[in-house]
Amino acid sequence: KGTTREQRALKYLKEHAREGDPDSVLETFDEFCRTQEWAMNAAEEKGDILDEIVRELRPTTCLELGTYCGYSAVRIARQLSPSARLITVEVNPDYAAVAREVVKLAGLQDKIEVINVDSGDVIRELKDKYDVTKLDLVFLDHWKYLYIRDIKLIEEEKLLKKGSVVFADNVIIPGAPGYLEYIRGSKNYNSTFYSVHFEYMDDMKDGVEKSVYIGDE
Ligand SMILES: O=C(NCCO)c1cc(-c2ccc(F)cc2)cc(O)c1O
Ligand SMILES: [Mg+2]
C-alpha cells in the first residue's frame, strides 16, 4: 500500500472529522480503530479516566511521554485552561509527523507542543530549554521499559510537586518492567490501580496506574 497505518488513520480523520473540533477527532479516531484498523491509542475507557484526572487536577503544565498519533494529547489538551499547555514527546519521527497533523486538525496547536526526541534527553532540558518549573501531570505511554528510567529522571530533576499526578498506561499489557514495584514501593507516591479493557479489545484486560506525588519537592 505504500502508506503506514498511522498515515491511513490521519487520512481517515481528515476525511471524516470536523476540523477544529477535538471531540470529533477523538470520536472519529475511535471509530477508525473499531471499524478499519486497530491502533495503540489510549481509547475510550482509559481516556475517560484520563479525562477525570485532568478535570479534577486542572493542570497548568503537562508532560506526555509517547505521543504516537496524538490521541491522548488531544484528549488531555481539550480540557486544559487557556494558559495551560502540554509537552508531548515522541521518539519516532513518523509518529511525530502524524501527531502534529492530528493536533492541528483538532485546533490544539497552541496548547500542545510535539517534540521528536528521546524522552531521556528532553527531561533534563525541561527547566532550561522548555521553561518548565514543575509538572502537574505526567502521562507515561512510551516504550514500557523506559517508564522506570524516566520517572527516576523526573524525580532527579525535581519536576514534581505535592499533588502532581503520574498516570501510566499499559501496566498489565505489555506491562512496564519494574515500574509498578518501584512506584508502589515508594513513600513519595499514593498509587491507585484501575483495571480497564485493552484499547478497542472488549475481551482483553489491561491496567492503568494513577500515582499522586506526596514527596519532598
Ligand atoms: O509500545 C507502546 N507504546 C509506545 C510506542 O508508541 C504500546 C504498545 C501496545 C501494545 C501493542 C501490541 C500488543 F500486542 C500489545 C500492546 C499498547 C499500548 O497502549 C502502547 O502504548
Ligand atoms: Mg499505551
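Residues numbered from 1 in each chain as written. Chains lettered and ligands numbered in written order. Predicted model: local features only at pLDDT ≥ 70, side-chain atom pairs only at ≥ 80, totals over all residues. Heavy atoms only, no water.

Peer 1: Teacher, can you tell me more about the sheet that holds strand 6 (residues 189-197) here?
Peer 2: Across a sheet, strands are paired by hydrogen bonds formed along the backbone, either parallel or antiparallel in direction. Taken in spatial order, the 7 strands make up an open sheet running 3-2-1-4-5-7-6, and their pairing is mixed. Strands with a single pairing partner mark the edges of an open sheet, and in this sheet they are strand 3 (112-115) and strand 6. On average, each strand axis in the sheet is tilted by 15 degrees relative to the strand beside it, whichever way the strands run. (Pairing = 2+ DSSP bridges. Helix = DSSP H or I, 4+ residues; strand = E, 2+ residues; numbered from the N terminus. Axes fitted to C-alpha atoms, helices over the stretch in contact; angles between N-to-C directions.)

Peer 1: For this particular structure, what's the right way to read the layout of surface pockets?
Peer 2: Of the volumes computed, that of the largest pocket is approximately 400 Å³. Lining the largest pocket are 23 residues, with M40, D141, H142, W143 and K144 positioned closest to its centre. (1 Å grid on protein atoms, 1.4 Å probe; cavity = no way out; pocket = protein on both sides within 12 Å on 5 of 7 lines; lining within 4 Å. Points joined across faces, edges and corners; volume = space filled by probe spheres on them.)

Peer 1: What is the right way to read the coordination of the magnesium ion (ligand 2) from this model?
Peer 2: The reference angle at a metal is 109.5 degrees if four donors form a tetrahedron and 90 or 180 degrees if six donors form an octahedron. At this site the magnesium ion (ligand 2) is bound by D141 (OD), D169 (OD) and N170 (OD1), with donor distances of 2.0 to 2.2 Å. Of note, the magnesium ion (ligand 2) draws all its donor residues from one chain, in the sequence arrangement D-x27-D-N. One end of the pair, D141, is in the loop between strand 4 (135-140) and helix 7 (147-156); the other, N170, is in the loop between strand 5 (160-168) and helix 8 (179-185), and 29 residues separate them in sequence. Of the two residues examined, D141 and N170, each falls in the buried class. (Donors = N, O, S within 2.8 Å, 3.2 Å for Na, K, Ca; no water. Buried < 20%, exposed > 50% of the residue type's maximum accessible area, 1.4 Å probe, protein only.)

Peer 1: Honestly, unusual backbone geometry in this entry has me stumped. Any pointers?
Peer 2: In most cases, non-glycine residues show a negative phi, while peptide bonds are predominantly trans. Geometrically, the link from I173 to P174 is a cis peptide bond, its omega value of -5 degrees lying close to zero. Here P174 shows up in the loop between strand 5 and helix 8. Phi is positive for A43, close to 65 degrees, though the residue is something other than glycine. Of the residues examined, A43 reaches a relative accessible area of 2% and is grouped as buried. The phi torsion at N170 lies on the positive side, around 65 degrees, for a residue other than glycine.

Peer 1: Before we go on, may I ask you to explain the site of ligand 1 in this structure?
Peer 2: Around ligand 1 lies a shell formed by W38, M40, D141, H142, W143, K144, D169, N170, I173, P174, F198 and E199. Taking D141, its side chain carries an N or O atom lying 2.8 Å from an oxygen atom of ligand 1. Between an oxygen atom of ligand 1 and a side-chain N or O atom of K144, the distance comes to 2.9 Å. Burial of ligand 1 by the surrounding chains reaches 72%, relative to a free accessible area of 480 Å². Using a 2 Å cut-off from the grid points, one finds that ligand 1 occupies the largest pocket. Grouping the amino acids of the shell around ligand 1 by side-chain chemistry returns 6 nonpolar, 2 polar and 4 charged. (Near = heavy atom within 4 Å. Polar contact = N/O pair within 3.5 Å; in protein donor to acceptor, adjacent residues only side chain to side chain. Areas by Shrake-Rupley, 256 points an atom, 1.4 Å probe, with all protein chains shown as cover. Sits in = over half its atoms within 2 Å of the grid points. Nonpolar A, V, L, I, M, F, W, Y, C, P; charged D, E, K, R; others polar.)

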